[in-house]
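# Coordinate analysis (summary)
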Amino acid sequence: MRVVELIRKKRDGGELSSDELRELLDAYTDGDVPDYQMAAFLMAVYFNSMTEQELGVWTDAMLHSGDVLDLSDVPGPHIDKHSTGGVGDKISLILAPLAVTAGLKVPMISGRGLGHTGGTLDKLESIPGFDVNQSVQRFKELVRDVGCGLIGQTGEIAPADKDLYALRDVTGTVECIPLIASSIMSKKLAEGIGGLVLDVKIGSGAFMKSVERGRELADSMIQIGEAMETPVRAVLTDMDQPLGLAVGNALEAAEAIDVLRGEGPSDVVDVSVALVTEMMAVARGSVDRDATRDQLVSALEDETALEVFREIVEQQGGDPAVCDRPREVLPTADDVVPFEADEAGSIRAMNAEEIGLASLDLGAGRMTKEDDIDPAVGLVFRKKRGDTVDAGEPILDMHINPGSDVESCRRRLGEAIEIGEPADSPPSLIIERRTGEGS
Ligand code: URA
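The sections below set out a description of the structure shown in this document. Source: prediction; values computed, not measured.

Calculation criteria
- Residues numbered from 1 in each chain as written.
- Predicted model: local features only at pLDDT ≥ 70, side-chain atom pairs only at ≥ 80, totals over all residues.
- Heavy atoms only, no water.
- Core = buried A, V, L, I, M, F, W, Y, C linked by side-chain atoms within 4.5 Å.
- Buried < 20%, exposed > 50% of the residue type's maximum accessible area, 1.4 Å probe, protein only.
- Helix = DSSP H or I, 4+ residues; strand = E, 2+ residues; numbered from the N terminus.
- Domains from an automatic or database assignment.
- Contact = heavy atoms within 4.5 Å.
- Salt bridge = Lys/Arg side-chain N within 4 Å of Asp/Glu carboxyl O.
- Near = heavy atom within 4 Å.
- Polar contact = N/O pair within 3.5 Å; in protein donor to acceptor, adjacent residues only side chain to side chain.
- Areas by Shrake-Rupley, 256 points an atom, 1.4 Å probe, with all protein chains shown as cover.
- Nonpolar A, V, L, I, M, F, W, Y, C, P; charged D, E, K, R; others polar.

### Examining the nonpolar core
Ranked by size, the top nonpolar core spans 87 residues in total, and within it Leu-379, Ile-395, Met-398, Leu-413 and Ile-417 carry the most contacts. At 10 residues, the largest contribution of residues to this core is made by helix α12 (residues 266-284). Among the domains, domain 2 (79-326 + 430-434) and domain 3 (331-420) are the pair contributing at least three residues each to this core. Not counting residues up to four positions away in its chain, the partners in contact with Ile-395 are Phe-339, Glu-340, Ala-341, Ile-347, Met-350, Phe-381, Arg-382, Lys-383, Val-389, Ile-417 and Ile-419.

What follows is the structure, encoded as structure tokens:
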């Protein structure tokens, strides 16, 4: 294989064969193709995309670059959810136990927060004792016995993605739909799942800033699922303001538990219920949406889902009392300071990316993978988009510790939150569903 020939072929708009793509990826993961050649290839993909055939082969090669879990000895259906990342997105903590109440098995391998977006593992680890590092054997037992395991990567899942993602990060090739789709799908399909629901976030706090781009990404991942005979559905949801009221790890864990007690903010409930409904549709082929919504809302209100979460927490070493007294058991910040409106009016916009970065100023997130986070700090909103405020009225509370950069946080919040005349029509929370049949 002459790598330069493959780069030229992609640069000139040609289609690479299955053998060429597999050889290229394997040689790269073996260290036989240097980063500069792979970077050139990725840039050629950035400009010329990949055909459906190429995307399927490339994803399959990435998926088989490492371990693939085999859940065939654990009764299913095994359905997972993946979010493309947002601010205040604590859905996984609610969705996993809620899906278990509906008879699904949820083998969930999650990631950590990076940049302005949070990560499920950090939120779970804010629960004292909760251990996200479980062996494959233990993970399977959790899925079999509890219905769900909530863990970080075990062994080497899709190692090609780790190298490619790091290279994309420094070569301006992250924002490329086939590369994002293959990256996400290779990791998810390596979990050995029977179906997947994607929460494709759209808006200021998301990778995809427009509905059109979100649709393209969703359809691309659905197409990969079809090629791998794994049913995939997507829900496009609003990320033009933070989800729920809390941003920050322990604060979000507490809010997730509120939802599991039937008391949480309605947007978090609605997205959780919509995604579990889609998971059931993936498992069964179709679903009665109204009846399912009633069933899932009841499982929150009567705390059936909370009891599943308690079992998960207990089995993974966490303190189950968090389910009864979340704000006593979870770590809390030393101080709580309000952020006030500097003028009266309606909240027209809340730039979710800037708000994510503001929480990072307090210590809630990390800019590089090596950074430490402070689980206790973050933001809790009292007002959201569309609410009216008086001058001097608190919009949110900053939960701070001695390491927090409160001034920078305030500056960013001032830029992120726009107050004025009421905005025309805010985007809907659940923007649309995509099933692979063009809708
Ligand atoms: N998330 C991923 O896992 N991969 C990407 O390329 C982008 C977001």
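More follows now that the structure is in view.
### Looking at the pattern of salt bridges
Summed over the entire model, instances satisfying the criterion amount to 39 salt bridges. The salt bridge partner of Arg-433 is Glu-278, with a shortest N-O separation of 3.3 Å. With Arg-433 in strand β13 (residues 430-434) and Glu-278 in helix α12, the pair connects residues that are 155 residues apart, well separated along the chain. Taking relative accessible area as the criterion, Glu-278 reaches 1% and is therefore assigned buried. Between Glu-432 and Arg-434 there is a salt bridge; the shortest N-O distance is 2.9 Å. The exposure class of Arg-434 is buried, given its relative accessible area of 10%.

### A look at the site of the ligand
The local shell around the ligand consists of Tyr-165, Arg-168, Ile-180, Ser-183, Ile-184, Lys-187 and Phe-207. Take Arg-168: an N or O atom from its side chain is 2.9 Å from an oxygen atom of the ligand. Side-chain polar atom of Lys-187 to an oxygen atom of the ligand: 2.5 Å apart, as the coordinates give it. Contact with the protein chains hides 88% of the accessible area of the ligand, taken as 240 Å² for the molecule alone. Counting residues per element, the ones that place at least two in the shell around the ligand are α8 (159-169) and α9 (177-189). The greatest single-element share of the shell around the ligand, amounting to four residues, is contributed by α9. Residues that form the shell around the ligand fall into these classes: four nonpolar, one polar and two charged.

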